[in-house]
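# Coordinate analysis (summary)
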Amino acid sequence: MDLKLYDTHARTLRPFQPLEPGKVGLYACGPTVYDYAHIGNLRTYLFGDTLRRVLELNGLAVHHVVNITDVGHLTSDGDTGEDKMEKGARRTGRSAWEIAAYYTAAFRADLARLGIREPALWARATDHIPEQIAFIDEIARRGYAYTTADGVYFDTGKLEDYGHLARLNSAGQRAGHRVELGEKRAPTDFALWKFSRTGERRQMEWDSPWGRGFPGWHIECSAMSRKYLGALFDIHIGGEDHIPVHHTNEIAQHQACHGHGPARYWLHGAFLQLDGGDKMSKSSGDFLRLATLEERGVDPLAYRYLALTAHYRSPLAFSWPALQAAQTALNRLRQAYHALPAGGAADPAWRAGMLGELNEDLNTPRALALAWELIKSPLEGSAKRATLDWLDGALGLGLENWRPAEVEVPEAVRELIAARQQARADERWKDADALRAAIAQAGFAVRDTAEGPVAEPLPA
């Protein structure tokens, strides 16, 4: 296997070797379910799905775990502000438990529309409170935690290499910080357990050895990844925004308990950018949902196609013209695929070339380019189709399942198509061209396939 992946921790491209031959433990940071996912969020899950598909294309069995954050994610990375679940509950007038169930279902529906495969296991934070308390207790017993008036905090000063994933200058931050520390010893210290405020009853709170409250955001991933994948597993993934805080703190928690981080490879997807270069975010209140694209007549898989045209580590600029171009390209690919005869076998040379690109840190733009080169190549048609089938196992565009929309072709247009077909058979090319023009005047285009001409409505 020649798979190479860019490891954020090492800042280099590394050959991938699983801990256990033939198997891969993969942990992905999932959504905080206080609102709908936007298409920038979904780009990260498209990247994760591509990674999983490529691992499987290499013959590996992937145990894929995704967490659901339904408690503990505060509105500030500095462990201040309101829990996002409580805030979402107040915004919607529902309980925190109700909005967690509602937005989890909405998120999973978005994944299905994008062709993203469900993980082997969804792990909800609220289902694993005992595991999180046990992990915090281990950290505390090893001397890496301290208690303040508002919670239990991780003492990052006890780790010499804290922040290595993000290349943080912790010493500089401690010396020159201008933020309100409260009782925290350093600005990089982070909450393991937050106490409920006196006189305030939260919707989500539990008893613990330190007092009634709720877990911090980072501890859930440490506890659940260890439970389901072990203290050391193969790959941890997420968006690039997780690097400086969330994933840095997961590593710290694991180092305190096990002397090493949780994963051997760390992979991160880049942001989706709007016009002007800003990343898409919920906090701005201005974000696009997948449903917004559908309301404008865009197939969700066109967004998947757009995401595949950029490398997962490169920022992807979103615009409506770019999305429309992706829709056009996807439709052309579907039509080309279905125009090919079935029953062949994938070509070994083309497969090797495509896998080589995918194995070079998931180079989907090059793999897509090879798909178009294949279509134009002199390879026998059924072999082309079988090879595209094989490649689609990684791209996830659902080529085999696509069917053109049923179009009612008027009798007059059918007669023109039949007349054109006869003119072509008689080699009366000028007549055939004139008939094609008449068909276009009637609002249809003719596409010639091995099974005969197909009429398609022209864009309005």
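Reading the values: the criteria
Residues numbered from 1 in each chain as written. Predicted model: local features only at pLDDT ≥ 70, side-chain atom pairs only at ≥ 80, totals over all residues. Heavy atoms only, no water. Pairing = 2+ DSSP bridges. Helix = DSSP H or I, 4+ residues; strand = E, 2+ residues; numbered from the N terminus. Axes fitted to C-alpha atoms, helices over the stretch in contact; angles between N-to-C directions. Contact = heavy atoms within 4.5 Å. Buried < 20%, exposed > 50% of the residue type's maximum accessible area, 1.4 Å probe, protein only. Right-handed = clockwise from strand over helix to strand, strands pointing away. Phe/Tyr/Trp six-rings, centres within 6.5 Å; stacked < 30°, edge-to-face > 60°. Lys NZ or Arg CZ within 6 Å of the ring centre and 35° of its normal. Salt bridge = Lys/Arg side-chain N within 4 Å of Asp/Glu carboxyl O. Parallel < 35°, antiparallel > 145°, perpendicular 65-115°, else oblique. Nonpolar A, V, L, I, M, F, W, Y, C, P; charged D, E, K, R; others polar. 1 Å grid on protein atoms, 1.4 Å probe; cavity = no way out; pocket = protein on both sides within 12 Å on 5 of 7 lines; lining within 4 Å. Points joined across faces, edges and corners; volume = space filled by probe spheres on them.

What follows is about the sheet that holds strand β10 (residues 233-239). Here we have five strands laid out as an open sheet, ordered β5-β4-β3-β10-β11, and parallel in their pairing. Whereas interior strands pair on both sides, the edge strands pair on one side only; in this sheet they are β5 (121-124) and β11 (263-269). Each adjacent strand pair in this sheet contributes to an overall mean axis angle of 25 degrees, direction not counted. Those strands touched by helix α1 (residues 39-57) are β3 (23-28), β4 (61-68), β10 and β11, and its axis lies near 155 degrees from that of β10.

Turning our attention to the pairing of β10. Most of β10 is tucked away: seven of the seven residues are buried. Relative to β10, β3 is paired through three bridges, and the arrangement is parallel. Within β10, the position partnered with Tyr 27 by the bridge is His 236. Here β10 pairs with β11 via six bridges, running parallel. In the strand pairing of β11, Ile 235 is matched with Tyr 265. For the crossover from β10 across helix α7 (residues 243-258) to β11, the handedness is right-handed.

Attention now moves to the packing of aromatic side chains. Under the counting rule described, the total for this entry stands at 13 aromatic pairs. Geometrically, the ring pair formed by Trp 193 and Trp 210 is tilted, given 6.3 Å between the ring centres and 50 degrees between the ring planes. Of this pair, Trp 193 sits in strand β8 (residues 190-195) while Trp 210 sits in the loop between β8 and β9 (213-215), placing them 17 residues apart in sequence. Put simply, the rings of Tyr 36, Tyr 102 and Tyr 103 pair up and form one aromatic cluster. Arg 185 extends its terminal NZ or CZ atom over the ring of Tyr 146, reaching a point 4.0 Å from the ring centre. In this structure, Arg 296 packs its charged tip against the face of Trp 320, placed 3.9 Å from the ring centre.

Take the pairing of β4 next. Taking burial as the measure, the eight residues of β4 include six buried ones, the bulk of the element. Note: β3 against β4, six bridges, orientation parallel. The residue of β4 that forms the bridge with Val 24 is Val 62. Tracing the backbone out of β3, into α1 and back to the parallel element β4 gives a crossover that is right-handed.

The next subject is the sheet that holds strand β7 (residues 151-154). Taking strand neighbours across the sheet as the criterion, the four strands line up as β6-β7-β8-β9 in an open arrangement whose pairing is antiparallel. Two strands in the sheet have a free side with no partner beyond their single neighbour: β6 (145-147) and β9. Neighbour-to-neighbour, the strand axes of this sheet turn through a mean angle of 20 degrees, independent of strand direction. In the sheet, β6 pairs with β7 via three bridges, with the strands oriented antiparallel.

What follows is about the pattern of salt bridges. Counted according to the given criterion, the structure contains 34 salt bridges. Here Glu 56 ties to Arg 52 by a salt bridge, and the two come within 3.2 Å at their closest N and O atoms. Pair noted here: Glu 56 and Arg 52 are both in helix α1, with a separation of four residues, about one helical turn. Taking relative accessible area as the criterion, Glu 56 reaches 28% and is therefore assigned partly exposed. Through salt bridges with shared partners, a single ionic network connects Arg 420, Arg 424, Arg 436 and Asp 448.

Two numbers describe how helix α12 (residues 364-376) lies on helix α13 (residues 381-395): the axes approach to 10 Å, and their chain directions differ by 170 degrees. Taken together, the axes of α12 and α13 are roughly antiparallel relative to one another. The segment α12 lies against α13, with Ala 367, Leu 368, Ala 371, Leu 374, Ile 375 and Lys 376 engaging Lys 384, Thr 387, Leu 388, Leu 391 and Leu 395. In terms of residue class, the contact of α12 with α13 is made up of eight nonpolar, one polar and two charged.

This part is about the packing of α1 against helix α9 (residues 300-308). Taken N-terminus to C-terminus, the directions of α1 and α9 make an angle of 70 degrees; their axes are 10 Å apart at the nearest point. Between α1 and α9, the crossing angle belongs to the class labelled roughly perpendicular. Contact residues: α1 offers Ile 39, Gly 40, Arg 43, Leu 46, Asp 49, Thr 50 and Arg 53, while α9 offers Tyr 303, Arg 304, Ala 307 and Leu 308. Looking at side-chain class alone, the contact of α1 with α9 contains five nonpolar, two polar and four charged residues.

Rolled over the atoms, a probe with the dimensions of a water molecule shows which regions are left empty. Here the second largest pocket is characterised by a volume of approximately 830 Å³. Breaking the lining of the second largest pocket down by element, the ones donating at least two residues are α10 (320-338), β14 (444-449) and β15 (452-457). Classifying every residue of the lining of the second largest pocket by side-chain character gives 13 nonpolar, six polar and six charged.

Once that is clear, we can look at the environment of Pro 209. Counting through the fold element by element, Pro 209 comes out in the loop between β8 and β9. Along the primary structure Pro 209 and Ile 375 are separated by 166 residues, whereas in three dimensions their C-alpha atoms are 64 Å apart.

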